[in-house]
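# Coordinates in review
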Amino acid sequence: MMELEDLKEISKNISLLYVEDDALLGATTVEFLGKIFDDIDYAKDGVEGLEYFKDKKYEIVITDIDMPRMNGIEMLKNIKKINSDCQVVITTAFSDSKYLLDAISLGVDSYFLKPLSFHSLIDGLYKIVHKMRLVEENENYKNNLLKLVDEEVENRHKLELEHIHNYKQTLSSLVDMIESRDRYTGGHSRRVAQYCEIIAREMGHTKQECELIYNAGILHDIGKIVTPDAVLLKPSKLNTLERSLIEEHVNSGANLLKSIPMFKELSKVISAHHECYDGSGYPNGLTNEEISPLSRIMIVADSFDAMTTCRIYKSPRKIEEAFEELKRCSKTQFDPDVVNAAINVLSYIKIDDKISQEPLSELEEQRFSYFYKDSITHLYNSSYLDLILMNNQKDSTYKYIYIIYLHNFTAYNKKYGWEDGDKFLQNFALYLETIIKGQLLFRVQGDDFVVLSKEHISLSEDNFKECEILKNSLISVSTENFHVLKDNILNSQLLQYSINK
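Figured I'd write up the structure that's included with this text. (Residues numbered from 1 in each chain as written. Predicted model: local features only at pLDDT ≥ 70, side-chain atom pairs only at ≥ 80, totals over all residues. Heavy atoms only, no water.)

## Considering the sheet that holds strand E8 (residues 448–453)
What counts here: Pairing between two strands is assigned when DSSP locates at least 2 bridges connecting them. Helix and strand assignments follow DSSP, with helices taken as H or I runs no shorter than four residues and strands as E runs no shorter than two, numbered in order from the N terminus. Each axis is a line fitted through C-alpha atoms, and for a helix only the stretch in contact is used; angles between axes span 0 to 180 degrees, taken between their N-to-C directions. Contact criterion: two residues are considered in contact whenever any of their non-hydrogen atoms come within 4.5 Å of each other.
Spatial ordering of the open sheet is given by E7-E8-E6-E9, a layout of four strands whose pairing is antiparallel. Both edges of this open sheet fall to strand E7 (440–444) and strand E9 (476–483), since each of them pairs with a single strand only. Going from strand to strand, the sheet's axes swing by 20° on average, the running direction of each strand aside. Bridge count for strand E6 (residues 400–407) against E9 is eight bridges, and the pairing is antiparallel. Each bridged residue has a counterpart across the sheet, and for Ile 404 the counterpart in E9 is Thr 479. Sitting on the sheet, helix H18 (residues 382–395) is in contact with E6, E7 and E8, with an inclination near 130° to E7.

## Focus on the pairing of strand E3 (residues 60–64)
Defined as follows: For every residue, the accessible area (1.4 Å probe, protein chains only) is compared with the maximum for its type, and the residue is labelled buried under 20%, exposed over 50%, or partly exposed between those bounds.
Among the five residues of E3, five are classified as buried, and the element is accordingly described as predominantly covered. Neither face of E3 is open: one carries Ile 60, Ile 62 and Asp 64, the other Val 61 and Thr 63, and all of them are buried. Sheet topology note: the strand E1 (residues 15–19)/E3 ladder contains four bridges and is parallel. The residue bridging Tyr 18 from the neighbouring strand is Ile 62, located in E3.

## Looking at the nonpolar core
Convention followed: In plain words, nonpolar cores are sets of buried Ala, Val, Leu, Ile, Met, Phe, Trp, Tyr and Cys residues tied together by side-chain atoms within 4.5 Å.
The biggest cluster of nonpolar side chains holds 45 residues, and the ones touching the most others in it are Ile 199, Ile 297, Phe 304, Leu 326 and Leu 346. Of all elements in the fold, only helix H8 (183–202), helix H9 (207–219), helix H12 (249–258), helix H13 (264–270), helix H14 (293–308), helix H15 (319–328) and helix H16 (336–346) reach the threshold of two or more residues within this core. Considering each element in turn, this core owes the most residues, eight residues, to H14. The contacts of Ile 297, once residues within four sequence positions are left out, are Cys 196, Ile 199, Ala 200, Met 203, His 205, Ile 213 and Val 338. In this structure, Leu 406, Phe 428, Ile 457 and Phe 464 belong to the second largest nonpolar core, which totals 24 residues.

## Concerning the pattern of salt bridges
Threshold: For salt bridges, the criterion is a side-chain nitrogen of Lys or Arg within 4 Å of an Asp or Glu carboxyl oxygen.
Considering all chains together, one arrives at 22 salt bridges under this definition. Between Arg 191 and Asp 305 there is a salt bridge; the shortest N-O distance is 2.6 Å. Taken together, the residues span a long stretch of sequence, with Arg 191 in helix H8 and Asp 305 in helix H14 at a distance of 114 residues. According to the relative accessible area criterion, Arg 191 is buried, its value standing at 13%. The closest approach of N and O atoms between Arg 296 and Glu 289, which form a salt bridge, is 3.5 Å.

## A short note on the packing of aromatic side chains
Short version of the rule: Pairs were defined over the aromatic rings of Phe, Tyr and Trp, the Trp ring being its six-membered one, requiring ring centres within 6.5 Å. Orientation was assigned from the angle between planes: stacked under 30 degrees, edge-to-face over 60, tilted for the rest. Remark: a charge is flagged as sitting over a ring if the NZ atom of Lys or the CZ atom of Arg is within 6 Å of the ring centre and within 35 degrees of the ring normal.
Scanning all chains against the criterion turns up 17 aromatic pairs. A ring pair is formed by Tyr 380 and Tyr 384, whose centres lie 4.3 Å apart and whose planes are at 35°; its orientation type is tilted. Accessibility expressed as a relative area gives 12% for Tyr 384, which makes it buried. Measuring from ring centre to ring centre gives 4.6 Å for Tyr 412 and Tyr 416, while their planes differ by 45°; the resulting arrangement is tilted. With Tyr 412 and Tyr 416 both in helix H19 (residues 409–416), this residue pair falls four residues apart, about one helical turn. For Tyr 412, a relative accessible area of 11% gives the class buried. Above the face of the Tyr 380 ring, Lys 373 is positioned so that its terminal group lies 5.1 Å from the ring centre.

## Observations regarding the pairing of E1
Of all five residues in E1, five are buried; the element is thus mostly enclosed. Of the two faces of E1, the one lined by Ser 15, Leu 17 and Val 19 and the one lined by Leu 16 and Tyr 18 are each fully buried. Bridge analysis of E1 against strand E2 (residues 39–43) gives five bridges, and the strand direction is parallel. By the bridge assignment, Ser 15 is partnered in E2 with Asp 39.

## Some remarks on the sheet that holds E2
Read across the open sheet, the five strands follow the order E2-E1-E3-E4-E5; overall the sheet is parallel. Two strands bound the open sheet, and with one partner strand each, they are E2 and strand E5 (110–113). Each strand axis lies, on average, 15° off the axis of its neighbour in the sheet, ignoring direction. On top of the sheet, helix H2 (residues 23–33) reaches E1, E2 and E3; it is set at about 165° to E1, its chief contact.

As structure tokens, this is what we get:
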């Protein structure tokens, strides 16, 4: 890790422009940067920053992305027209990820996620200034010392390699950003890359091709950076619209990569990783030989990992079961030669049975609640009831289900209004939690509640005689109970059917 003094030493006579609309952050960061650079100016938005640059043409620009009047991307486009050699650094909040594709195309030298880490900022700026000094030295050699032409060429080559490295680091960071949004997806990309390389090696592909498909595997879901959180993070099955949105990640990822010369070959592999051997895949409905050999490998590797890892709404298949599915779909979804090779080499791998989409952190719990908690009562919703009942078919953990009906709730709403109706539901849910402890509670059908229990519990209308909020109200309560297995209750629809009977 570089020290502030090291950066200050090599930064003499370099001018820097810092653009940030957050006044508090701007003041703090300017104070910090002032300890390093003697020539520094601060602008409060993109319009002001561009005017500053027209007057002075700074060597380094550090800018926020999302700002009023003119955002950072538009400002940088204009700056690059004025001076294409200007070194550019962006600072971005997680919610600004939609702008990062434009930032890459502009040739951003580095970026940092907010809240800013000054230690990371020192390291990043040191690399940029060091590169500037190298360029400066090379120009001096070129202009003054013809005998050092060979050395100059070598230095330029090093700079190009550094440029390539910066691109790779940027894309790797984008994959990490995806993983920070969805822990499952990030791990999935790395596993697919490993499976791709193993299968490609088994099929006799060259070392270069094996490296190519590994890198493509790492980045094959890079297009998910433009997928809305509500779709990417949804821990249950997707509807038709959501499916079409997530399918768009193939084109988004391929278009991003093909715009960068060094990644054009990767984009060709990635663009077909959801095609099918018989032409039933997407996005282009390619068939058989129309799909590149490496893409056919990725299709199998991607599907194998999806089958053998756990999602909230499905259990993982055993390796043998996944192989049977690969065989069954051979010549329809999968290339039969790739299937045979995959079965030969993947039978030796060990699947991590701890891979799951279930929440592990407080943040992931909040995301989980977003999809499975009722917004009014904060009890579980009917979607989670369906999920629990589906998973219950494997081990029959929950044996009893109880329905609590609120009668005349519509009349209550009409008399007192929806806001009071919501408060009533909230208070009734709190009451349920006091009399029914250790069980799963759900709000369903607006004014009905469900209790799912592993053991038989005593629950009847008598339990609600002391409920204060029911007294002197229009609302009454009745209950009904079912045996999950005997009544064949596999989902909320079958529960509704049992009720109607």
